[in-house]
Amino acid sequence: MTSIDKAAALAPVSAEALPALRRRITAVLVASQILGGLGVATGIALATVLAQQVSGTEALAGLAPTATVAGTALLSMPLAALMTARGRRPGLVLAYVIGALGAGVVVLGAVVGNFPLLLLGMAAFGAGSSANLQARFAAADLAEPERRGRAISNVVWATTIGAVLGPNIAAPSGRSVSGLGIPAAAGPFVWAAGVFLVAAVMVFVLLRPDPLLTARALSPADRSSEGRSLRAGLRAVRESPMARLALVTVAVSHTAMVSIMSMTPVALGHHGASIELIGLVISGHIAGMYAFSPLMGWLSDRIGRLAVIGLAAGLLALAALLAGTAGASHGQTAAGLFVLGLGWSAGLVSGSTLLTDSVPQPARAAVQGLSDLTMNTAAGLGGAAAGLIVAQASYGWLNLIGASLLLPMAALTVRRALRPLPGS
C-alpha cells in the first residue's frame, strides 16, 4: 500500500468531496476499460488463425481462446486475494502487466513456431480479461446502493468501444510487423501488449485514492482486516441465499452465452452464410452484450435486481428459441444472437450488483473474484462441450441444452422473490 493510499485509509473523503471522487474514479475506470477491451478484442480477433498456423491443424485452433478463458479463470482468485489485501489499483495494474507479458509470449511462440508456448502466452493474456471483469466491481466500491447497478453497467458499457474497434485494427496491426519477422496474425498481440501497458500506467497513476480502500475507510466497521480473507468470502456466500443466486445468475448467463455464441459461426457456415455475414451477426451480438448495459443497470436500480435476473432468464430463453429454430434463416439467427447478448448483459449487470449487495464490504473483493472464477470456469467447460454437442447432435440441441441451464436460475429467482430473507 502506498503512502497516498494509507493516507486515504486514515483520512476518509468528506461527504462533500465524495460525488466528485466517484465521477473521477468512474472516468478512470471507463478509460482503462476502453483500453482493456481494445487490447483483448485486438488479440482475440485472429487468435484461432494464429493457432492454426502455428499448430498446423484446424483441430487445435480452438485451444487458443480456450486457453485464454482458462487463464482468466485461474487468475481470478489470486488477483482477488491481492485486491482484498492491497486494494483495487495493485490488482488491476498487475493484471494488465501479466496480460501484456502474455501477449509477448504469444508473439514469441508464433515466431519460434512453438504451440505449447503460444498456449501459455494465451493463458497469461487472459489476465487482461480478468482486469476488465474486476473493473466493474471497482466502480461499485464507492457507489450509493441505489445507484450501484448503473455504476457497474457504465463500466461494462465502455467495453463496447474496444470490442468494436479491436477486430477492425487487427489487419493494420498485422501489416505493421511484416518487416520484423513476426507472422501477420501475431501482429494484434504486439499492439495488445502496448495497449495493456498503457492501461496499467493509467490505472497506476490515476486511480487514486484506491476506491476499495477508500470505501473501507468511509465505514468504521470495515476498517479491521477481519473478514477479508478468501475463506471469509466463501463463508459469506454460503450464508447468503441472495449471494448464491447472484453467483448462479452470472455463471449461467455467461455459460449459455458463450456456448451458443461460439458455435453460431459454424451453424451459419453450414447454411451458406458468407464470412462477412457471420461477422455482421457477431457484431450485432456484441452490440447486444455491451451497448445496452446502462439500461440494464438503470432497470436493476429502479425495478430491482431480481426482476432483471428474471428478465435475463426470459431473454436468454428467447434467444435459444430463435437461434435454435432458425435453420437457414440468417435473419432469425442474427435476431437470436442479438437477444442472446441482451440476456447476457441483463444477467451480468444484475447478478454482479446483487452479489455486491449481498455480502459484507470486507468480503466483497474475495467474493467478486470467486464470481469471476466460477463464471469463466463454467463458460470454459460449456464452450468445450458445445462443439461436441453440435458434432454429435445439432446446433438446435445445443440451444435447447443452453436453455435448460436457465431452469435452476429461474427457480431460485422465483423462490427468492416469493420468500425474501431479511438481510440476505
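The shown structure was predicted, so the numbers you read here are calculated from the model rather than taken from an experiment. (Residues numbered from 1 in each chain as written. Predicted model: local features only at pLDDT ≥ 70, side-chain atom pairs only at ≥ 80, totals over all residues. Heavy atoms only, no water.)

Student: Is there a simple way to explain the layout of surface pockets in this structure?
Tutor: One simple way to see leftover space: roll a probe sized like a water molecule over the atoms. Looking at the second largest pocket, its volume works out to about 220 Å³. When contributions to the lining of the second largest pocket are tallied by element, the ones reaching two or more residues are helix 2 (18-45), helix 7 (127-140) and helix 8 (148-168). Looking at the lining of the second largest pocket, the element that brings in the most residues is helix 2, giving four residues. Residue composition of the lining of the second largest pocket, by class: six nonpolar, two polar and five charged. (1 Å grid on protein atoms, 1.4 Å probe; cavity = no way out; pocket = protein on both sides within 12 Å on 5 of 7 lines; lining within 4 Å. Points joined across faces, edges and corners; volume = space filled by probe spheres on them. Helix = DSSP H or I, 4+ residues; strand = E, 2+ residues; numbered from the N terminus. Nonpolar A, V, L, I, M, F, W, Y, C, P; charged D, E, K, R; others polar.)

Student: It is not clear to me how the confidence of the model for the chain should be interpreted in this structure. Could you clarify?
Tutor: In low-pLDDT regions, the fine details of the predicted coordinates are not to be read closely. Averaged over every residue, the pLDDT of the chain is 87; the share at 70 or more is 92%. At the level of individual helices and strands, the chain shows its lowest average pLDDT in helix 1 (residues 3-10), which scores 48, and its highest in helix 16 (residues 305-324), which scores 97. When the criterion is pLDDT under 50, residues 3-10 qualifies, and its contacts beyond four places in sequence or with other chains add up to 10 contacts. (pLDDT = per-residue confidence, 0-100. Contact = heavy atoms within 4.5 Å.)

Student: Is there a simple way to explain the environment of Leu418 in this structure?
Tutor: Within the secondary structure, Leu418 sits in helix 20 (residues 406-418). A residue is classified by how much of its surface remains accessible, and Leu418, at 68% relative accessible area, is exposed. (Buried < 20%, exposed > 50% of the residue type's maximum accessible area, 1.4 Å probe, protein only.)

Student: Got a minute to help me understand helix 4 (residues 63-86) in this structure?
Tutor: Each full turn of the α-helix corresponds to 3.6 residues, which orients residues three or four apart in the same direction. Helix length check: helix 4, at 24 residues, gives a terminal C-alpha distance of 34 Å against a target of 34 Å (1.5 Å per residue), a fit within 8%. Of all bends in helix 4, the biggest is about 35°, found at Ser76, and the proline Pro78 comes one to four residues later. Where helix 4 terminates, the next one or two residues include Gly87, which has phi positive at roughly 110°. (Expected span 1.5 Å × (residues − 1). Bend = angle between axes of the 7 residues up to and from the residue.)

Student: When you look at the pattern of salt bridges in this model, what are you seeing that I'm missing?
Tutor: Pairing is possible between side chains of opposite charge, provided their charged atoms come close. According to the stated counting rule, one finds seven salt bridges in the structure shown. For Glu144, the salt bridge is made with Arg22, and the minimal N-O distance between the two is 3.6 Å. With Glu144 in the loop between helix 7 and helix 8 and Arg22 in helix 2, this residue pair connects regions lying 122 residues apart in the sequence. For Asp372, the salt bridge identified is with Arg136, shortest N-O distance 3.2 Å. In this pair, Asp372 sits in helix 18 (residues 364-392) while Arg136 sits in helix 7, placing the two residues 236 residues apart along the sequence. Its relative accessible area of 1% is what places Arg136 among the buried residues. (Salt bridge = Lys/Arg side-chain N within 4 Å of Asp/Glu carboxyl O.)

Student: I tried to follow the packing of aromatic side chains on my own but got confused; where do I start?
Tutor: Aromatic ring pairs: the centre-centre distance and the angle between the two ring planes describe each pair. For the structure shown, the criterion picks out five aromatic pairs. Centroid distance Phe125 to Phe189: 5.2 Å. Interplanar angle 70°. Geometry classified as edge-to-face. One end of the pair, Phe125, is in helix 6 (residues 115-125); the other, Phe189, is in helix 10 (residues 187-206), with 64 residues separating them in the sequence. The class of Phe125 is buried, set by a relative accessible area of 1%. With relative accessibility at 0%, the residue Phe189 sits in the buried group. Ring geometry for Phe125 versus Phe196: centroids 5.4 Å apart, planes at 45°, classification tilted. Of this pair, Phe125 sits in helix 6 while Phe196 sits in helix 10, placing them 71 residues apart in sequence. A single burial state applies to Phe125 and to Phe196, both of which are buried. (Phe/Tyr/Trp six-rings, centres within 6.5 Å; stacked < 30°, edge-to-face > 60°.)

Student: Is there a simple way to think about the environment of Ala163 in this case?
Tutor: One can find Ala163 in helix 8. Taking the C-alpha atoms as reference points, Ala163 and Leu340, 177 residues apart in sequence, are found 17 Å from one another. When near neighbours in sequence (up to four residues on either side) are disregarded, Ala163 contacts Gly37, Ala41, Ile286 and Tyr290.

Student: What should I look at first to understand helix 10 in this one?
Tutor: Compared with the 28 Å implied by 1.5 Å per residue over 20 residues, the 29 Å span of helix 10 between its first and last C-alpha is a close match. Considered for burial, the residues of helix 10 that qualify are Gly187, Pro188, Phe189, Ala192, Ala193, Val195, Phe196, Ala199, Ala200 and Val203. Its buried side turned inward, helix 10 meets helix 2, helix 3 (47-55), helix 5 (88-112), helix 6, helix 7 and helix 9 (170-176).

Student: Can you help me understand the side chain of Gln33 in this one?
Tutor: Among the secondary structure elements, Gln33 is positioned in helix 2. Beyond its immediate chain neighbours, meaning those up to four positions away, Gln33 contacts Tyr96, Asn132, Ala135, Val155, Ala158 and Thr159.

Student: When you look at the environment of Val205 in this model, what are you seeing that I'm missing?
Tutor: Relative to the assigned elements, Val205 resides in helix 10. The class for Val205 is partly exposed, based on a relative accessible area of 46%. Measuring from C-alpha to C-alpha, the distance between Val205 and Arg89 comes to 9.3 Å, with 116 residues separating the pair along the chain.

Student: What is the right way to read unusual backbone geometry from this model?
Tutor: Working note: non-glycine residues mostly have negative phi, and peptide bonds are mostly trans. Residues Arg208 and Pro209 are joined by a peptide bond in cis, for which omega reads -10°. Tracing the chain through its elements places Pro209 in the loop between helix 10 and helix 11 (211-218).

Student: Help me understand the packing of helix 15 (residues 293-302) against helix 16 in this model?
Tutor: The geometry of a pair of packed helices is captured by two quantities: the angle between their axes and the separation between those axes. It is the contact of helix 15 with helix 16, at a shortest axis distance of 6 Å, that shows an interaxial angle of 135°. Overall, the two elements helix 15 and helix 16 adopt an arrangement that is oblique. Contacts from Met296, Leu299, Ser300 and Asp301 in helix 15 reach Arg305, Val308, Leu311 and Leu315 in helix 16. For the contact of helix 15 with helix 16, the per-class residue count stands at five nonpolar, one polar and two charged. (Axes fitted to C-alpha atoms, helices over the stretch in contact; angles between N-to-C directions. Parallel < 35°, antiparallel > 145°, perpendicular 65-115°, else oblique.)

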